[in-house]
Amino acid sequence: MDKLRIGVLASGRGSNFEAILRNIQSGYLNAIIVAVISNKKNAGALEIARENDIPAYFVSAKQYPDSHQFDAQILRLLKQHDANFVVLAGYLKMLGKNVIRNFKNRILNIHPALLPSFGGKGMYGHFVHEAVISYGCKVSGVTVHLVDEEYDTGPPVVQKCVSVLDDDTPQSLAARVLEVEHQAFSEALKFFAENRVEIHNRRVRIKPN
Ligand code: GRF
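Residues numbered from 1 in each chain as written. Predicted model: local features only at pLDDT ≥ 70, side-chain atom pairs only at ≥ 80, totals over all residues. Heavy atoms only, no water.

### Topic: the pattern of salt bridges
Stated formally: Each salt bridge in this description consists of a side-chain nitrogen of Lys or Arg and a carboxyl oxygen of Asp or Glu lying within 4 Å of one another. Under the DSSP-based scheme used, a helix requires at least four consecutive residues in state H or I and a strand at least two consecutive residues in state E, with every element numbered from the N terminus. Accessibility here uses a 1.4 Å probe with only protein chains present; expressed as a share of the type maximum, an area under 20% marks a residue as buried, one over 50% as exposed, and anything in between as partly exposed.
This model, assessed by the stated rule, comprises 8 salt bridges. When the shortest N-O distance is used, the salt bridge between Glu 18 and Arg 22 registers 3.1 Å. Of this pair, Glu 18 and Arg 22 both sit in helix α1 (residues 15–25), separated by 4 residues, roughly a single helical turn. Overall, the relative accessible area of 37% leaves Arg 22 in the partly exposed class. A salt bridge links Glu 194 to Lys 190; the shortest N-O distance between them is 3.3 Å. With a relative accessible area of 22%, Lys 190 lands in the partly exposed category. Three or more residues are tied together by salt bridges with common partners; here these are Lys 190, Glu 194 and Arg 196.

Next up, the structure:
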């Protein structure tokens, strides 16, 4: 398997993207980030990309007459940079079918809870942590999963637990979950980089080293 050439899609501050980048720079993860694409002009992720000389693109659905052309532009940029893997690092838009089909089993998303709980459309950011706390959960966590054509339904690759403390607020829980997100994403990517991922009947198995 060729070296992972990752295209990152992100809508926000980009701390997950930055954590992946640091893990590449430290040598933990054998990969290269070939481009960062955001649907938000002022996304922190784009700024981090520019600071690190990674091609950075703002691509908004509003710039295209229909979703197919928006989708086609994202695919074009990924292909232009010869990406062979896609990371959704806080990307708040549904990825188009064309991109998903072109990168089958090669797209990872991160969700700040233990799927299938607290996932689906509208379940992102603080909404997730608020829902976890108001349900009274004792445990939450992180899910890094493959992306299929629905929201948050692809098979998990890595899941990690985070305790919910009695005095947690959505903010304090989000902060602890985020630290674990930063580890879990690179861990999942490392499995792909080492060609250790087998997928059978939606179950992801990691081959031993
Ligand atoms: C993370 O909590 C991630 O799980 C969610 O969006 C947030 C993105 O944070 N999907 P960042 O932009 O990576 O800092």
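### Focus on the packing of α1 against helix α6 (residues 170–193)
What counts here: Under this scheme, a helix contributes an axis fitted over its contacting stretch, all axes are lines through C-alpha atoms, and angles between N-to-C directions fall in the 0 to 180 degree range. Any angle from 65 to 115 degrees is called roughly perpendicular, while one under 35 is roughly parallel, one over 145 is roughly antiparallel, and all others are oblique. In a left-handed crossing the near helix is turned counterclockwise from the far helix by less than a right angle, and in a right-handed crossing that turn is clockwise. Contacts: residue pairs with any heavy atoms within 4.5 Å of one another. Just so you know the grouping, Ala, Val, Leu, Ile, Met, Phe, Trp, Tyr, Cys and Pro go in nonpolar, Asp, Glu, Lys and Arg go in charged, and all remaining residues, Gly too, go in polar.
Interaxial distance between α1 and α6 falls to 9 Å at its minimum, and their mutual angle equals 50°. Considering the angle they form, α1 stands oblique to α6. For the pair α1 and α6, the crossing hand works out as right-handed. Across from Ser 15, Asn 16, Ala 19, Ile 20 and Asn 23 in α1, the residues of α6 making contact are Leu 178, Glu 181, His 182, Phe 185, Ser 186 and Leu 189. Looking at the contact of α1 with α6, its residues break down into 5 nonpolar, 5 polar and 1 charged.

### Observations concerning the packing of aromatic side chains
Worth spelling out the cut-off: Working definition: a ring pair exists when centres of Phe, Tyr or Trp rings (six-membered ring for Trp) sit within 6.5 Å. Plane angles under 30 degrees give stacked, over 60 give edge-to-face, the rest tilted.
The full count for this structure, using the stated rule, is 4 aromatic pairs. Where Phe 85 meets Phe 192, the ring centres are 4.9 Å apart and the plane angle is 65°; that geometry is what we call edge-to-face. Placement of the pair is Phe 85 in strand β4 (residues 85–88) and Phe 192 in helix α6, with a sequence separation of 107 residues. By the burial criterion, Phe 85 is buried, and Phe 192 matches it. With centroids separated by 5.2 Å and ring planes inclined at 75°, the aromatic side chains of Tyr 124 and Phe 127 adopt a geometry described as edge-to-face. Note on Phe 127: relative accessible area 34%, which makes it partly exposed.

### Thoughts on the sheet that holds strand β7 (residues 156–163)
Going by this rule: What makes two strands pair is DSSP finding at least two bridges between them.
Here we have 7 strands laid out as an open sheet, ordered β3-β2-β1-β4-β5-β6-β7, and mixed in their pairing. This sheet does not close on itself; its edge strands, each paired only once, are β3 (56–58) and β7. Between one strand and the next, the sheet's axes are offset by a mean angle of 20°, whatever the strand orientation. Pairing analysis gives 7 bridges linking strand β6 (residues 139–146) to β7, with the strands arranged antiparallel. From the neighbouring strand, Ser 140 faces β7, where its bridge partner is Val 162. Sitting on the sheet, helix α2 (residues 44–51) is in contact with β2 (31–38) and β3, with an inclination near 150° to β3.

### Quick notes on α1
Across the 11 residues of α1, 8 count as buried, placing the element largely inside the fold. Against β1 (4–9), β2, α2, β4, β5 (107–111) and α6 lie the buried residues of α1.

### Description of the pairing of β5
Let me state the cut-off plainly: A crossover gets the label right-handed when its path from the first strand over the helix to the second runs clockwise, viewed with the strands pointing away from the viewer.
The buried fraction of β5 amounts to 5 of the 5 residues, a majority that puts the element mostly inside the structure. Burial along β5 is two-sided: Ile 107, Asn 109 and His 111 facing one way and Leu 108 and Ile 110 facing the other are all buried. In this structure, β4 lies alongside β5, joined through 3 bridges in parallel fashion. Residue Leu 88 lies in a different strand from β5, and its bridge partner there is Asn 109. Between β4 and its parallel partner β5, the chain crosses via helix α4 (residues 97–102), and the hand of that crossover is right-handed.

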